[in-house]
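# Report on the structure
Take a look at the letters that make up each chain.
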Amino acid sequence: MIGIYFSGTGNSKYCIEKFLQEYDAAARAFSIEDDELSEQIDKHKDIVFSYPVQYSNIPKILKDFLAENKAVWKGKRVFVIATMGLFSGDGSGILARELKKYGAEIVGGLHIKMPDSIGDEKILKRSLEDNKKLILEAGQKIRKAVRQLKDDNPPQEGIGMLYHLAGLFGQRLYFINKTKQYSDKLNINAEKCIGCNKCVDLCPMKNIELKNRIAVSGNQCTLCYRCVNKCPKQAITLLGKRVIEQSNIDKYL
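This report concerns the structure included in the present document. Being a predicted model, the structure only gives us computed values, none of them experimental. (Residues numbered from 1 in each chain as written. Predicted model: local features only at pLDDT ≥ 70, side-chain atom pairs only at ≥ 80, totals over all residues. Heavy atoms only, no water.)

## A few points about the layout of surface pockets
This is how it is decided: Buriedness of a pocket was judged along seven lines, with at least five required to meet protein on both sides within 12 Å; pockets are open sets of points on a 1 Å grid over the protein atoms alone, cavities are sets where a 1.4 Å probe fits but cannot get out, and lining residues have an atom within 4 Å of a point. Grid points are joined across faces, edges and corners, and a volume is the space filled by probe spheres set on the points. The secondary structure listing takes helices from DSSP runs of H or I that are at least 4 residues long and strands from runs of E that are at least 2 residues long, numbered from the N terminus. Gly falls in the polar group here, along with every residue not listed as nonpolar (Ala, Val, Leu, Ile, Met, Phe, Trp, Tyr, Cys, Pro) or charged (Asp, Glu, Lys, Arg). Start and end points for every domain follow an automatic or database-based domain assignment.
Taken as a whole, the largest pocket encloses approximately 660 Å³ of empty space. As for the largest pocket, its lining consists of 33 residues, of which Val53, Gln54, Tyr55, Asp116 and Ile118 are closest to the centre. Mapped onto the lining of the largest pocket, the elements with two or more residues apiece are helix H1 (11–23), strand S4 (77–84) and helix H6 (161–180). In the lining of the largest pocket, the residues fall into 18 nonpolar, 13 polar and 2 charged. For the lining of the largest pocket, the domains that each give at least three residues are domain 1 (2–174) and domain 2 (187–251). Lining the second largest pocket are 15 residues, and of these Ser7, Gly8, Thr9, Gly10 and Lys13 sit closest to its centre. Per-class residue counts for the lining of the second largest pocket are 4 nonpolar, 6 polar and 5 charged. Counting residues domain by domain, the lining of the second largest pocket receives three or more from each of domain 1 (2–174) and domain 2 (187–251).

The structure is reproduced here in structure tokens:
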């Protein structure tokens, strides 16, 4: 077994590493950005796939990754973990359906509530203690799911028509354009930017570059919020006008 993940602020990476630690300590997790991943997929039939839900949908970067590698999913047995700030409806189901389209067999799904990563909006903000409690609860849920999978009775959260309808009418139908294309809405405050290059290095889309020692964004943002939550001067916003709280998984462990 191997793990595959896409992660913005570390939630999905944490969950898949926790899952593999419980299931098989020798199993490794690979980011979709890892050059070694294609070779590893070829070697393994059983896969755990973890990702953060965006508006009850798949991040654009991940959807493109699935399509660009569509030949490798045939015959793979996949368990999907979807991380989210609130109930997403069919978070694991929408990724499962995409993988099934390319020939994968879906064995189950798991929804895990994690700390909010949207740093420039007040919505879903919780206290530090509440976020630490979410991490503890996530660990408990993962351990239970591993036991179920080992007993050949994996959870089916997000899988099925009722979940599908909940995701469709809960968010996806109204916010489909948010993830249909990459965004050009990333805003970098030139007066605050110190040209540290951190956002350039973090961006999975190579959407940010330095010009005259100031970070400048393009039109290929995948809404992962890495740069917003890691900028040392809180100079970057995406949905809101100012950074409310920078959130990364390390704060809650």
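## So, the packing of aromatic side chains
Any pair of aromatic rings gets described here by the distance separating the centres and the angle formed by the planes. Definition in use: Any two rings among Phe, Tyr and Trp, with Trp reduced to its six-membered ring, count as a pair given centres within 6.5 Å; such a pair is stacked if its planes are under 30 degrees apart, edge-to-face if over 60, and tilted if neither. Only protein chains enter the accessibility calculation, which uses a 1.4 Å probe; a residue whose area is less than 20% of its type maximum is buried, one above 50% is exposed, and one in between is partly exposed. Working rule: Lys NZ or Arg CZ, within 6 Å of ring centre, within 35 degrees of ring normal, means a charge sits over the ring.
Per the stated rule, a full pass over the model turns up 5 aromatic pairs. Between Phe19 and Phe79, the ring centres sit 5.4 Å apart and the planes meet at 25°, which makes this aromatic pair stacked. Of this pair, Phe19 sits in helix H1 while Phe79 sits in strand S4, and the two are 60 residues apart along the sequence. Take Phe19 and Phe79: they sit in the same class, and that class is buried. When the ring centre of Tyr23 is taken as origin, the NZ or CZ atom of Lys150, which lies over that ring, is 5.5 Å away.

## Quick notes on the pattern of salt bridges
Side-chain pairs of opposite charge can arise where the charged atoms are in close proximity. Using the following cut-off: When a carboxyl oxygen of Asp or Glu is within 4 Å of a side-chain nitrogen of Lys or Arg, the pair counts as a salt bridge.
Applying the stated rule across the entire model yields 15 salt bridges. Close ionic contact of Glu209 with Lys211 constitutes a salt bridge, the shortest N to O distance being 3.7 Å. Counted as one network, the salt bridges with shared partners bring together Asp46, Arg77 and Glu105.

## Examining the sheet that holds strand S1 (residues 2–5)
Formally: Any two strands between which DSSP finds at least two bridges are classified as paired. Note on geometry: axes are C-alpha line fits, over the in-contact stretch for helices, and angles between N-to-C directions span 0 to 180 degrees.
Reading across the sheet, the 5 strands line up as S2-S1-S3-S4-S5 and stay open at both edges, with parallel pairing between neighbours. With partners counted over all chains shown, the strands left at the sheet margins are strand S2 (29–31) and strand S5 (105–113), one partner each. Strand-to-strand twist of the sheet, defined as the mean angle between neighbouring strand axes without regard to direction, takes the value 20°. Direction of pairing for strand S3 (residues 46–52) relative to S4: parallel, over a ladder of 7 bridges. Bridged to Ser50 within S4 is Ile81.

## Some remarks on the pairing of strand S8 (residues 214–217)
Bridge analysis of strand S7 (residues 208–211) against S8 gives 4 bridges, and the strand direction is antiparallel. Note that in S8 the partner of Leu210 across the bridge is Ala215. Remark: 2 residues form the turn of the hairpin made by S7 and S8, two consecutive strands paired antiparallel; Asn212 in that turn has positive phi of roughly 55°.

So far we have only geometry, and geometry alone does not tell us how the molecule works.
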